[in-house]
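Architecture at a glance
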Amino acid sequence: MRRYRTLLISALAVVLVGAGGCSSKADPQPAAAGGDKPADKVTYLTAFGAVGRDAFAWVAQDKGYFKEAGLDVTIQLGAATGENLKGLAAGQAQFANLDLIGAWILAGKGDYKDFRTIAAIHQQTLVSIIALDGAGITAPKDLEGKKLGAATGSVNQLLFPGYAKLAGIDPTKIQWVNAQPAQLPALLAGGQVQALSTFLIGSKGIEKAAGGKKTVVLPYSKYLGDLYGNGIITTSKIAKENPDLARRFRDASLKALKYTIEHPDEAAQILKKAQPAADVTAAVGEITLMTPYVTSGSGIGVMEQERVARAIATLQGSGLIPAGLTPDAVVDFSLTPKA
């Protein structure tokens with residue numbers, strides 16, 4: 001069955017690449033932002049509040065990267081994937097950070113199609129199951145009969161049926177408990193749930209909330225290896241009508257992302273300065289844990305059409321979306337960085 005599934009996904013990916021068309025490797029440089037031209041005002045939604053994975057936005061602000069790119073950026077705290085897509089669709093923001101796979105699942109189902117991905121932040125999905133050591137959860141099958149916490153409307157629940165299918169879990173034996181992201185560690189530490197479906201980079205913060213008790217992490221990527229993690233998106237209108245704006249925002253953000261993973265302690269302090277409620281220790285932990293996922297591809301931010309096709313094929317093969325979604329329906333390859 002595993003060999004059959006692999007062949008099926010490969011075949012689907014070939015079809016999707018063909019359907020997606022060929023994208024040019026040319027990546028025109030943005031116009032200079034100097035002179036007396038007023039800065040372009042845009043609003044950006046973070047992925048999940050003000051935590052380490054989002055610190056690079058405030059680094060770009062603090063270091064002047066946005067200003068150098070001719071941008072006046074208002075940073076707003078985002079929520080789950082669906083909520084950020086709603087904000088973008090309603091015109092409340094022009095750019096957002098969110099889990100790409102969650103966005104592509106919603107696009108494949110016919111929801112929130114008016115967006116395009118312009119860069120990857122994480123080259124592999126960070127979605128995982130996290131339990132506390134000693135809770136009796138050491139393998140996916142152990143989740144059956146347990147309460148599983150997740151952020152309301154997040155990619156964790158959207159992606160779980162595909163993970164469950166491949167990992168041999170009966171999803172009907174899982175009881176979901178929905179909560180706001182900031183409440184999840186306390187739910188686990190207090191025993192209201194036995195595990196969380198969340199990002200693996202949050203494990204340090206969860207351990208702190210649990211009084212130092214170690215965590216057990218079961219990454220979805222063990223079974224869903226072709227899937228990207230978070231990425232930067234914009235509206236289809238901006239991608240088509242104002243690609244220079246998209247490139248300038250992309251480049252400033254990725255420059256800040258690179259600085260953030262190279263200077264996690266400083267980045268966490270910059271985050272704390274902008275958002276006093278942020279936890280510096282947890283932020284450093286998130287930045288450190290996510291670094292290999294940022295740098296594991298062909299270059300920071302790079303996205304490959306063939307791999308996007310394989311990711312979509314995986315979602316289709318797992319029954320998460322119907323056939324029909326193509327790579328260029330969710331990614332603008334003329335705007336993504338080149339290897």
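Please refer to the structure higher up on the page.
Reference entry: report on the structure contained in this document. The shown structure was predicted, so the numbers you read here are calculated from the model rather than taken from an experiment.

Before going further, it helps to spend a moment on the overall build of the chain. Within the chain, the regular secondary structure consists of 13 helices and 10 strands. For the chain, restricting intrachain contacts to residue pairs at least 6 apart in sequence, the fraction spanning at least 24 positions comes to 81%. Summing over all exposed atoms, the chain offers an accessible surface of approximately 14,100 Å²; the carbon and sulfur share of this is 53%.

The next thing to look at is the sheet that holds strand β5 (residues 127–132). Spatially, the five strands line up as an open sheet ordered β7-β6-β8-β5-β9, and their pairing is mixed. At either end of the open sheet lies a strand with only one pairing partner, and these are β7 (175–179) and β9 (215–219). Going from strand to strand, the sheet's axes swing by 30 degrees on average, the running direction of each strand aside. As defined by bridge partners, strand β6 (residues 147–151) adjoins β7 across five bridges and the pair is classed as parallel. Looking at β7, one finds that Ala150 is bridged to Asn178.

What follows is about the packing of helix α2 (residues 55–62) against helix α10 (residues 243–262). Between α2 and α10, the shortest axis-to-axis distance is 8 Å and the interhelical angle comes to 105 degrees. One element, α2, and the other, α10, form an angle in the roughly perpendicular class. Taking contact as the criterion, the partners of Ala55, Phe56, Val59 and Ala60 in α2 are, on α10, Ala252, Ser253, Ala256, Leu257, Tyr259 and Thr260. Of the residues contributing to the contact of α2 with α10, the split by class is eight nonpolar, two polar and no charged.

What follows deals with the sheet that holds strand β3 (residues 95–99). Ordered by their spatial adjacency, five strands build an open sheet running β2-β1-β3-β10-β4, and the pairing between neighbours is mixed. Every other strand in the sheet has two partners, leaving β2 (71–76) and β4 (116–120) as the edge strands with one partner each. The mean angle between the axes of side-by-side strands here comes to 30 degrees, regardless of whether they run parallel or antiparallel. Pairing analysis gives four bridges linking β4 to strand β10 (residues 230–234), with the strands arranged antiparallel. Bridge pairing in β10 links Ala120 to Gly231. Those strands touched by helix α4 (residues 81–89) are β1 (40–45), β3 and β10, and its axis lies near 160 degrees from that of β3.

On to the pairing of β3, then. Of all five residues in β3, five are buried; the element is thus mostly enclosed. In this sheet, β3 lies alongside β1 in parallel orientation, the contact comprising two bridges. Note on β3: the bridge partner recorded for Leu45 is Ala96. Relative to β10, β3 is paired through five bridges, and the arrangement is antiparallel. Within the sheet, the bridge partner assigned to Phe95 lies in β10 and is Thr234.

Moving on to the packing of aromatic side chains. Summed over the entire model, instances satisfying the criterion amount to nine aromatic pairs. Ring centres 5.4 Å apart and planes at 45 degrees place the aromatic pair Tyr44 and Phe249 in the tilted group. With Tyr44 in strand β1 and Phe249 in helix α10, this residue pair connects regions lying 205 residues apart in the sequence. Judged by its relative accessible area of 0%, Phe249 is buried. Between Phe48 and Phe199, the aromatic rings sit 6.4 Å apart at their centres with planes inclined by 20 degrees, giving stacked as the arrangement. Remark: Phe199 occurs in strand β8 (residues 195–199) and Phe48 occurs in the loop between β1 and α2; sequence separation between them is 151 residues. Its relative accessible area of 8% is what places Phe199 among the buried residues. Through a chain of ring-to-ring contacts, the aromatic side chains of Phe160, Tyr163, Trp176, Tyr220 and Tyr223 assemble into a single cluster. Over the ring of Tyr228 we find Arg307, and its NZ or CZ is 4.0 Å from the ring centre.

Let us now look at the pattern of salt bridges. Applying the stated criterion across every chain yields a total of 13 salt bridges. Note that Arg53 is salt-bridged to Glu286, the shortest N-O span being 2.9 Å. Taken together, the residues span a long stretch of sequence, with Arg53 in the loop between β1 and α2 and Glu286 in helix α12 (residues 280–295) at a distance of 233 residues. Like Glu286, Arg53 is buried. Lys255 is the salt-bridge partner of Glu68, the closest N and O atoms lying 3.5 Å from each other. With Glu68 in helix α3 (residues 65–68) and Lys255 in helix α10, the pair connects residues that are 187 residues apart, well separated along the chain.

With that settled, consider α2. Here α2 lies mainly inside the structure; six of its eight residues are buried. Following α2 by one or two positions, Gly64 adopts a phi angle in the positive range, close to 80 degrees.

Criteria and thresholds
- Residues numbered from 1 in each chain as written.
- Predicted model: local features only at pLDDT ≥ 70, side-chain atom pairs only at ≥ 80, totals over all residues.
- Heavy atoms only, no water.
- Helix = DSSP H or I, 4+ residues; strand = E, 2+ residues; numbered from the N terminus.
- Contact = heavy atoms within 4.5 Å.
- Areas by Shrake-Rupley, 256 points an atom, 1.4 Å probe, with all protein chains shown as cover.
- Pairing = 2+ DSSP bridges.
- Axes fitted to C-alpha atoms, helices over the stretch in contact; angles between N-to-C directions.
- Parallel < 35°, antiparallel > 145°, perpendicular 65-115°, else oblique.
- Nonpolar A, V, L, I, M, F, W, Y, C, P; charged D, E, K, R; others polar.
- Buried < 20%, exposed > 50% of the residue type's maximum accessible area, 1.4 Å probe, protein only.
- Phe/Tyr/Trp six-rings, centres within 6.5 Å; stacked < 30°, edge-to-face > 60°.
- Lys NZ or Arg CZ within 6 Å of the ring centre and 35° of its normal.
- Salt bridge = Lys/Arg side-chain N within 4 Å of Asp/Glu carboxyl O.

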